[in-house]
Structures are given as structure tokens and as C-alpha cells.
Amino acid sequence: MASLAQQFAGLRCPPLSNSLFSKPFSTKHHHKPRILPIVSAVAISNAETRERQKLKQMFEEAYERCLTAPMEGVSFTVEEFHAALDKYDFDSELGSKVKGTVFSTDANGALVDITAKSSAYLPVQEACIHRIKHVHEAGIVPGLREEFVIIGENEADDSLILSLRSIQYELAWERCRQLQAEDVVVKGKIVGANKGGVVAVVEGLRGFVPFSQISSKSTAEELLKKDLPLKFVEVDEEQSRLVLSNRKAMADSQAQLGIGSVVIGTVQSLKPYGAFIDIGGINGLLHVSQISHDRVSDIATVLQPGDTLKVMILSHDRERGRVSLSTKKLEPTPGDMIRNPKLVFEKAEEMAQTFRQRIAQAEAMARADMLRFQPESGLTLSSDGILGPLAADLPAEGLDLSEVPPADES
């Protein structure tokens, strides 16, 4: 009723002077009262009431279903729902590992979605085992999915603090233990020094190299920022001790230097009698007579400190630590080292192979001469220089040398 009264109150009637009652009565014109707006208002009010009643009934039915049959019409069971929650559940305790996806980065780190109630944050100092200025340097970009370890919590917004560095740190120690077990030579960059030795970075970890374990007589200042071949002496993660040796690595490298092998070296210094070449931490001498078949009057016209070149091992005195080198043996034609050193380096392996074949033939001939008069060894040498059993036509008891005529002068 109140709504109807409001509708009536909103109706305006024109003044009597303008109404039909102000004009003379006529039987020709009969107008019906204008009650259409009132009927329309009543219809709208009834429609709204029916809609409200319908909604109320729907809510009452839904409430009744929640009380009597809460799972009616649901396509999965309660057990399936809990299993779905468990799929995305994780242990948020410190030290636990979680999977996450990077969705944004900034100057200080990266935001990571770990399907928790709030996002987690990866600070730039925890993004890599190496020192970096931005997470992009470690390959941390939006969309990257990685395993992180929880190292803290931000009390301001209850977000978790993550780390990749801790995981990489564990893997680095595991890698060093493996390399030590395999007795592998690794490269370490010298980044610092103290009165006892130098500090080298290996696999992202800082290791100590005592001066007693450095093969060269270089000072700490001379070694800074250089790469040294190293071997592991001690790997102790609990005590955070990583001790390395350059001497052990050098001994291993020297053992692999075979006569006739080709190595790459760097000219360290020039002397009147030759050039000293660094071949993987070992200093070898390239004598002036071994530079080229043609005479070299001034070494500086052929080589300069810092030049990189290929050299062949002529001899190696392990006891005295001396290595003799040659580029002369690598020349395709005499004088190429002076006229066209690039060609010498291109043909180095091919020429070295020829040199080794000549050495092998010479050794085979020497063995043949020795075995020719020692058949009791049970071995003989074929025409190809292959050492093997005695031939079928050679008696096993050896040769009878009583009938051999004396050697006469020609």
C-alpha cells in the first residue's frame, strides 16, 4: 500500500483552467480517465515482489540442501578434494625445499609463486653462488620454474624468503668430492692471497693453495687473476676446508707429455738462446736452433711475448723439470716458420704424426737389431715393425751362429 501511495503521490494533475472541466460540456466528446500510469506502477510492483519471493525460495532451498545433503550435485568427493589440497601443500619450515615459478623481478631480487597463501621472495644475494648484481645474470627470469630452499620469513607480510645459493653450495661441495675421488685436474682462478698462500675459486667455492704447493716461483701478486691447474688435497664440507695443489696437477700434466705430441703454448719471455713457452703451467724452452730449418738471427723477428703457438715436445726431463720444444719439426717445408707460421700451425698435427712414425720406425729397427741376435726371447719383428712370436721358419731353439762367416771389409 505504501508503494501504491507513493506512486499516486508522484502523479501530477494539470490545472483546472487547462482541464476538460474548464470547457463547456459537450456530448460529442467523451474521454476516458487517464489511469494507465497507475496500472503500470502496480504491475511493476507486483513483478518485483514475485522476483523477491522466487529468490527467497531459492536461497531457502539451497540452505536446506547444505544442511541435509551438502555433497549433492558435486562432481568430486571429499577425499578427492583433500587429495587436491595435498598436491599443492608443502612444508614451510626453514630448510625445506619447494618448487616455485618466478613471475616478476626487480633490482633487489625476484618474486616467486610457490602456491602458498602469499608469494615468496628470492633476494639477489641468494640467487647464485657467484656474486652478481642482478638476478638476470644468473638466468632468473619470469617463467623460470626451479627448486628453492626456504631460509627465512619476512615478518612484515608473512612472505617466505627463498635461496638458490644454498642448493648450489651443496652441489658444489658434492662436485668437489667427486672430482677429488676421480683425481681430476681442474682450473682455479686466483682471487686473493695471504702470507701462507693464495685463494682460488673452484666450482664456485674458495679454496686455499699453500705456497709450498705452487710449482712456479711466481709471487702472489703475479698470480692474481690467473688460472692455475689444480688438484684437490682436502675436501671437508663440515669444516669448510678446501685445500688444493698446483704441484700435483703439474706432475700429472708432465706425465702426459709424450715425445712427439703437439701442445699449445704461450710465449713468456725471449732470451738470446731461445724462447720460454708456457704449456699449461709448465715452462718449456724453444731453442733458437729449433725454431726453423732456416737460420734465425733475431728471435724477436719471429716471436713476441704473449704469442700463442703450437709446439712439439722434443724431450722431457721429469727429474729436472725441463721440457725441450720445437717448431722446426712442424715445418712442411724448411723456413715456413719464418715466412708462413700460420701454415705451420695448421699442419702441426700432420707433421707431428710423420715425425712420430719416423721415431717408431727408428725404434723398430733398433729392436730388430737387438732381437736378431737374441732369438731366445721368443719374439721377432715383422717387416712392418710389429713385435710378435717367432716366425714358423725360425727354429724355436734359436739360430746356429757357428756357420756365420766372419764379416769382411768391403
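Structural data are supplied above this passage.
Residues numbered from 1 in each chain as written. Predicted model: local features only at pLDDT ≥ 70, side-chain atom pairs only at ≥ 80, totals over all residues. Heavy atoms only, no water.

Peer 1: Outline the pattern of salt bridges, listing residues and values.
Peer 2: Evaluation of the coordinates by the stated rule reveals nine salt bridges. Taking the shortest distance from any N to any O, the salt bridge between Glu349 and Lys310 comes out at 3.3 Å. Pair noted here: Glu349 is in helix H9 (residues 348-372) and Lys310 is in strand S14 (residues 308-317), with a separation of 39 residues, a long-range link. With relative accessibility at 42%, the residue Glu349 sits in the partly exposed group. One continuous salt-bridge network, built from bridges that share partners, spans Glu174, Arg177 and Glu237. (Salt bridge = Lys/Arg side-chain N within 4 Å of Asp/Glu carboxyl O. Helix = DSSP H or I, 4+ residues; strand = E, 2+ residues; numbered from the N terminus. Buried < 20%, exposed > 50% of the residue type's maximum accessible area, 1.4 Å probe, protein only.)

Peer 1: Can you tell me about a negative patch on the surface, naming the residues and giving the values?
Peer 2: Among the surface-exposed residues, Glu153, Glu155, Asp157 and Asp158 lie close enough to one another that they form a single negatively charged patch. Examined against the element boundaries, Glu153 turns out to sit in strand S4 (residues 145-154). (Patch = residues over 30% accessible without salt bridge, like charges linked within 9 Å, V, L, I, M, F, W, Y side chains within 5 Å. Areas by Shrake-Rupley, 256 points an atom, 1.4 Å probe, with all protein chains shown as cover. Lys, Arg positive; Asp, Glu negative; His and termini not counted. Charge placed at Lys NZ, Arg CZ, Asp CG, Glu CD.)

Peer 1: Can you explain the sheet that holds strand S15 (residues 322-326)? Please cite residues and give values.
Peer 2: Around the barrel, which closes on itself, the five strands sit in the order S11-S12-S13-S15-S14 with mixed pairing between neighbours. Each adjacent strand pair in this sheet contributes to an overall mean axis angle of 50°, direction not counted. Of the pairings in the sheet, the one linking strand S11 (residues 262-271) to S14 comprises five bridges and is antiparallel in character. Counterpart to Gly265 in the pairing with S14 is Leu309. (Pairing = 2+ DSSP bridges. Axes fitted to C-alpha atoms, helices over the stretch in contact; angles between N-to-C directions.)

Peer 1: Let's hear about unusual backbone geometry: which residues, and what values?
Peer 2: The backbone phi angle of Asp183 is positive, close to 55°, even though this residue is not glycine. Among the structural elements, Asp183 can be located in the loop between helix H4 (165-181) and strand S6 (186-194). A positive phi is found at Glu203, a non-glycine position, where the angle reads about 55°. For Glu203, the position within the fold is in the loop between strand S7 (197-202) and strand S8 (205-210).

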